[in-house]
Amino acid sequence: MIHFKSKLPKTATTIFSVMSKLAADHNAINLSQGFPDYDAPAELTTLVNKYMEQGKNQYAPMAGVPLLRERISEKVQDLYGSFYNPETEITITAGGTQAIFTAIAATVQPGDEVIVFEPAYDSYAPTVKLFGGLVKPFELCPPDYKIDWQMVRKLISSRTKMIILNSPQNPTGVILDDEDIKQLIAITRGTDILILSDEVYEHLIYDGKEHLSMARFPELSERSFITSSFGKLFHTTGWKIGYCLAPEELMNEFKKVHQFLVFSVNTPMQYAIADFLSDKGYYKELCNFFQTKRDYFRSMMSETRFKLLPCYGSYFQNAEIRHITEEKDTEFVKRLTSEFGVAAIPNSAFYNKGTDYGVIRFCFAKKEETLEKAVNLLTKV
């Protein structure tokens, strides 16, 4: 027997894998993991085939296909009024999670403190710990999950290296507002604190609200890694293509890790996405596409016993269950899957301490018929 010390001794298989396997085992409708059950735009897949047939099948440049980086730069400037140099400030990654991992790996050293707002996407904390950082979790509470910035100030110390943000947030669907940005600027002003802004759901903002990207604010963009994902944008989560934006000084450090982690990302899809991004109308209309799904799902769910929380962005709908059951949320979602045929995610999985507020998460990025079947089963709970 070989003995060694685990670098992540308390980290188990992610809840997403657990619930997706449970859904498959029970032939349940999977509203747990965040992926669509409908196809990517046909034009986009045609473009991928085109570039494969043209021989674009070898390594891309380490930072990504130049044309794709140029299109991203144009997109960011058009949406947020901020210019990122495609040569020095944009890197194409193997999905949003790799971009997050790389930004943390490039900057967090042993003993550095990183503030994470929970419930949080489950890759943040383990990655910080992997590189010897100390996670300083700040728990947000339902129903509104508002950030108490005065309390955040108390977490700041001389060892604070980074603040991780996610807006729209997974799993809650909440978004940053003007006051959040004002407070964030004030807290970080005159410090060396970095920001890692996970903006993979940037186009999924509802009810006429605006996405407040770190790219909009010079005081924040100068200290920010901004990560995003084409998987969320084009319904292609299996392609695993994302990108990172950062000022040149930060991006240089990012690339040092990126080149030895994946080096480059698959080539024909990069060319195809670059072509497809020339149609600005597609991504500018995406919020309407998903708002229709959100509204449809919420309307049907009104016929169930679940109490829905607000959803301002992302493709996740949270629901309270305390009036339905006294079970732990983890046990309830397992029973929901095995007995009623619908899989969801327990929000306690997104808290470092496993805090259970009696809230679960459904993904509504599904076909209408899928949502209808799921809700019909949920009415029996």
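The text that follows walks through the structure, step by step, so that each part is easy to find. (Residues numbered from 1 in each chain as written. Predicted model: local features only at pLDDT ≥ 70, side-chain atom pairs only at ≥ 80, totals over all residues. Heavy atoms only, no water.)

Okay, the sheet that holds strand β2 (residues 90-93) next. In a beta sheet, neighbouring strands pair by backbone hydrogen bonds and run either parallel or antiparallel. Across the sheet, seven strands lie side by side as β2-β8-β7-β6-β5-β3-β4; this open sheet has mixed pairing. Lying at the two open borders of the sheet, with one neighbouring strand each, are β2 and β4 (134-139). Within the sheet, the average angular offset between the axes of one strand and its neighbour, ignoring direction, is 20°. Helix-sheet contacts for helix α4 (residues 96-107) involve β2, β5 (160-166), β6 (194-198), β7 (224-229) and β8 (242-245), and the interaxial angle to β7 is about 160°. (Pairing = 2+ DSSP bridges. Helix = DSSP H or I, 4+ residues; strand = E, 2+ residues; numbered from the N terminus. Axes fitted to C-alpha atoms, helices over the stretch in contact; angles between N-to-C directions. Contact = heavy atoms within 4.5 Å.)

Turning next to the nonpolar core. In this structure, I72, F117, F230, F306 and F362 are the most contacted members of the largest nonpolar core, which totals 97 residues. Excluding residues that lie within four positions of it along the chain, F306 makes contacts with M301, A319, E320, I321, H323, I324, F332, L336, I360, F362, L378 and V381. (Core = buried A, V, L, I, M, F, W, Y, C linked by side-chain atoms within 4.5 Å. Buried < 20%, exposed > 50% of the residue type's maximum accessible area, 1.4 Å probe, protein only.)

Here we take up the packing of aromatic side chains. Throughout the structure, instances matching the rule amount to 25 aromatic pairs. An angle of 80° between the planes, with centres 6.3 Å apart, marks the rings of Y59 and F263 as edge-to-face. With Y59 in the loop between α2 (42-53) and α3 (66-80) and F263 in the loop between α10 (248-261) and α11 (267-276), the pair connects residues that are 204 residues apart, well separated along the chain. Given the relative accessible area of 75%, Y59 is considered exposed. Arranged with centres 5.7 Å apart and planes meeting at 80°, the rings of Y121 and Y124 form a pair that is edge-to-face. Each residue in the set Y38, Y201, F289, F290, Y315 and F316 is aromatic and connected to the rest through ring pairs, giving one cluster. K75 extends its terminal NZ or CZ atom over the ring of Y283, reaching a point 5.3 Å from the ring centre. Note that K366 overlies the ring of F35, its terminal NZ or CZ placed 4.0 Å from the centroid. (Phe/Tyr/Trp six-rings, centres within 6.5 Å; stacked < 30°, edge-to-face > 60°. Lys NZ or Arg CZ within 6 Å of the ring centre and 35° of its normal.)

Taken as a whole and judged by the stated rule, the model has 17 salt bridges. Here D25 makes a salt bridge to K21, at a shortest N to O gap of 2.9 Å. Of this pair, D25 and K21 both sit in helix α1 (residues 15-25), four residues apart, which is roughly one turn of that helix. Judged by its relative accessible area of 53%, K21 falls in the exposed class. Across the pair D78 and K284 runs a salt bridge, and its minimum N-O distance is 3.0 Å. Taken together, the residues span a long stretch of sequence, with D78 in helix α3 and K284 in helix α12 (residues 280-284) at a distance of 206 residues. The network of salt bridges with common partners includes E113, K136 and R159. (Salt bridge = Lys/Arg side-chain N within 4 Å of Asp/Glu carboxyl O.)

Another aspect to go through is the packing of α2 against α11. Between α2 and α11, whose axes approach to 8 Å, the crossing angle comes to 135°. Between α2 and α11, the angle is such that the two are oblique. The crossing of α2 and α11 is right-handed. Along its contact with α2, which presents E43, L44, L47, V48, K50, Y51 and M52, the element α11 presents P268, M269, Y271, A272, I273, D275 and F276. Among the residues forming the contact of α2 with α11, the class breakdown is eleven nonpolar, no polar and three charged. (Parallel < 35°, antiparallel > 145°, perpendicular 65-115°, else oblique. Left-handed = near helix turned anticlockwise from the far one by under 90°. Nonpolar A, V, L, I, M, F, W, Y, C, P; charged D, E, K, R; others polar.)

A separate point is the environment of C287. Mapped onto the elements of the fold, C287 is located in helix α13 (residues 286-301). Taking the C-alpha atoms as reference, C287 lies 32 Å from M62; in sequence the two are 225 residues apart. Leaving out residues up to four positions away in the same chain, C287 has contacts with H203, I205 and Y206.

Turning our eyes to something else, we now look at the packing of α1 against helix α14 (residues 329-340). With their axes 9 Å apart at the nearest point, α1 and α14 run at an angle of 25° to one another. With respect to their mutual orientation, α1 and α14 come out roughly parallel. Like other packed secondary-structure pairs, α1 and α14 cross with a definite hand, here right-handed. Counted together, M19, L22 and A23 of α1 and V333, K334 and T337 of α14 form the full contact between these two elements. Of the residues belonging to the contact of α1 with α14, the class tally is four nonpolar, one polar and one charged.

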